[in-house]
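# Tertiary structure, described
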Amino acid sequence: MSGEAILVTGGAGFVGSHAVRELVDRGFRVVVADDLSLGHRAAVHPQATLAVLDLGDRAALARLFEAHGFFAVMHFASKSLVGESMAYPFRYLRDNVVNALNLVELCVEKGVKRFVLSSTANLFGEPDVMPIDEAARIEPGSPYGESKHLIERILLWADRIHDVRSACLRYFNAAGAHPDGSLGEDHQPETHLIPLVLDAAAGRRSHIEIFGSDYPTPDGTCIRDYIHVCDLAVAHALVLDLLGERSCRFNLGNGTGYSVREVIDAATRVTGKAIPVREGARRPGDPPALVAGSALIRKELGWSPRFADLETIVRHAWAWRQSHPQGYGDRATVA
Ligand code: UDP
């Protein structure tokens, strides 16, 4: 498979850029399609080809497929903020679903038989059983989660009718940064816990606010499963082989949950700084706990996280934030 061309949409974003790195390291030719509305030109690997385009532009996408003869498509590009999707539900449903539909249709037309979807734990809303395995009931917690669910359904029919094999990878909380310091998280505005906690440690914010300390959890704060972005990237590469045989869906997390307070404590240890904390109100839509059951991907692909412990994840994120206080510093806007 090495030497084959892979299209990575959203390859200038956080998880996508780490996946591109993994694919390039494995010898694939990578073409990134990204509109740079959220991603960063500087996050695109120098050996990857960058096509700046809107995935809604089907003609431009078709030209890209024709030019490169892709072996597989990895689809990361999407709107992905749960809270924002509650404010703009139809924008999320339309953009995410239509863009994916364009891609899947082009895979069918151009004979691309492998498709990897960046999906989400939000498919499971507020699950009754923890850890959450692949048999858990799907009841999306937001229009964002619903948009990914609809894309998973589109892929099911692409498999049944057109033999396009797909892997739906449902991530929990992607975090960390590349250990060599070249890639990391740069969202504007930043809403995720670990980078915000680190900004509070660095004095770039006055404090970190804990969104709710009265949850039914041991310390009253929400529990999440933080997974290192490089471990996610490896899973994307591993799944390509399996797609030669069949479609699959995997939940991807460490299988261990940490509370907001535990994340703050880990960051205090890693940074050696006091982190001012304020207890605030719950954030609407936050379930008390989300922890992945990742036994299936461990068994079927032999995947296991290389950077499983929270302190390592936070240490890599801290190194990135210290070396790139302005992120990539290349904020690009859509033309
Ligand atoms: N959180 C928090 N303060 C913040 C940002 C996040 O207490 O400033 C909490 C949030 O309520 C959730 C956890 O941290 O329980 C992880 O949130 P994040 O936005 O990083 O990821 P999500 O779980 O929403 O995908």
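Scroll up for the structure.
Residues numbered from 1 in each chain as written. Predicted model: local features only at pLDDT ≥ 70, side-chain atom pairs only at ≥ 80, totals over all residues. Heavy atoms only, no water.

A count of helical and extended segments in the protein gives ten helices and 14 strands. Whereas a compact globule of 335 residues would reach a radius of gyration of roughly 20 Å, the protein reaches 19 Å, a difference of no more than 12%. Taking the principal axes of its C-alpha atoms as reference, the protein extends roughly 55 × 40 × 40 Å. Taken across its 335 residues, the protein has 55% of its residues classed as buried. Across the protein, contacts joining residues at least 24 apart in sequence account for 79% of those joining residues at least 6 apart. Carbon and sulfur atoms provide 50% of the accessible area of the protein, an area that totals close to 14200 Å². Taken as two groups, the 35 positive and 41 negative side-chain charges of the protein have centres that lie 2 Å from each other. (Helix = DSSP H or I, 4+ residues; strand = E, 2+ residues; numbered from the N terminus. Rg over C-alpha atoms; globule rule 2.2 N^0.38 Å. Buried < 20%, exposed > 50% of the residue type's maximum accessible area, 1.4 Å probe, protein only. Contact = heavy atoms within 4.5 Å. Areas by Shrake-Rupley, 256 points an atom, 1.4 Å probe, with all protein chains shown as cover. Lys, Arg positive; Asp, Glu negative; His and termini not counted. Charge placed at Lys NZ, Arg CZ, Asp CG, Glu CD.)

Before going further, it helps to examine the layout of surface pockets. Taken as a whole, the second largest pocket spans an internal volume of roughly 280 Å³. Lining the second largest pocket are 14 residues, with Glu 152, Leu 156, Cys 168, Arg 170 and Arg 249 sitting closest to its centre. Elements with a minimum of two residues in the lining of the second largest pocket: α5 (143-162), β6 (165-171) and β11 (248-252). When residues of the lining of the second largest pocket are assigned to their parent elements, the largest contribution, seven residues, is made by α5. The residue makeup of the lining of the second largest pocket, split by class, is five nonpolar, three polar and six charged. (1 Å grid on protein atoms, 1.4 Å probe; cavity = no way out; pocket = protein on both sides within 12 Å on 5 of 7 lines; lining within 4 Å. Points joined across faces, edges and corners; volume = space filled by probe spheres on them. Nonpolar A, V, L, I, M, F, W, Y, C, P; charged D, E, K, R; others polar.)

Moving on: the packing of helix α2 (residues 58-68) against helix α4 (residues 89-110). For any two helices packed against each other, one specifies the crossing angle of their axes together with the interaxial distance. Running from N to C, α2 and α4 cross one another at 40°; their axes reach a closest spacing of 10 Å. Judged on the interaxial angle alone, α4 and α2 are oblique. In the crossing of α2 with α4, the sense of the turn from one axis to the other is right-handed. Contacts from Arg 58, Leu 61, Ala 62, Phe 65 and Glu 66 of α2 reach α4 at Asn 102, Leu 103, Glu 105, Leu 106, Cys 107, Glu 109 and Lys 110. Across the contact of α2 with α4, the residue classes tally to six nonpolar, one polar and five charged. (Axes fitted to C-alpha atoms, helices over the stretch in contact; angles between N-to-C directions. Parallel < 35°, antiparallel > 145°, perpendicular 65-115°, else oblique. Left-handed = near helix turned anticlockwise from the far one by under 90°.)

Now for the packing of aromatic side chains. For the structure shown, the criterion picks out four aromatic pairs. Taking 5.3 Å as the distance between ring centres and 85° as the angle between the ring planes, the aromatic pair formed by Phe 65 and Phe 70 counts as edge-to-face. With centroids separated by 4.9 Å and ring planes inclined at 50°, the aromatic side chains of Trp 320 and Tyr 328 adopt a geometry described as tilted. Take Trp 320 and Tyr 328: they sit in the same class, and that class is buried. The aromatic ring of Tyr 88 is capped on one face by Arg 91, whose charged end is 4.1 Å from the ring centroid. Positioned above the aromatic ring of Tyr 215 is the side chain of Arg 282, whose terminal nitrogen or guanidinium carbon lies 4.0 Å from the ring centre. (Phe/Tyr/Trp six-rings, centres within 6.5 Å; stacked < 30°, edge-to-face > 60°. Lys NZ or Arg CZ within 6 Å of the ring centre and 35° of its normal.)

The next thing to look at is the nonpolar core. In a soluble, globular protein the nonpolar side chains are often hidden away together inside. Formed by 39 residues in total, the largest nonpolar core has its most connected members in Ile 6, Leu 23, Val 30 and Leu 252. Counting only elements with at least two residues in this core, the list comes to β1 (5-9), α1 (14-25), β2 (29-34), β4 (72-75), β6, α7 (229-242), β11 and α9 (295-301). Counting residues per element, this core draws most heavily on α7, at eight residues. In this structure, Ala 51, Leu 55, Cys 107 and Ala 158 belong to the second largest nonpolar core, which totals 29 residues. (Core = buried A, V, L, I, M, F, W, Y, C linked by side-chain atoms within 4.5 Å.)

Another point: the sheet that holds strand β12 (residues 258-259). Ordered by their spatial adjacency, three strands build an open sheet running β12-β9-β14, and the pairing between neighbours is mixed. Taken across any chain shown, the strands that pair with only one partner, and hence form the sheet edges, are β12 and β14 (289-290). Here strand β9 (residues 223-224) runs beside β14; their pairing, made up of two bridges, is parallel. The residue bridging Ile 223 from the neighbouring strand is Ala 289, located in β14. (Pairing = 2+ DSSP bridges.)

We now examine the site of the ligand. Taken together, 15 residues lie around the ligand, and Leu 193, Glu 209, Phe 211, Arg 283 and Asp 286 are the ones closest in. Here an oxygen atom of the ligand and a side-chain polar atom of Asn 173 are 2.9 Å apart. Residue Thr 191 places a main-chain N or O atom 3.5 Å away from an oxygen atom belonging to the ligand. Protein burial of the ligand: of its 510 Å² of free accessible surface, 87% is covered by the chains. Breaking the shell around the ligand down by element, the ones donating at least two residues are α6 (193-201) and β8 (208-211). Ranked by the residues each element gives to the shell around the ligand, the list is headed by β8, at four residues. Each residue belonging to the shell around the ligand can be placed in one class, and the counts come to eight nonpolar, three polar and four charged. (Near = heavy atom within 4 Å. Polar contact = N/O pair within 3.5 Å; in protein donor to acceptor, adjacent residues only side chain to side chain.)

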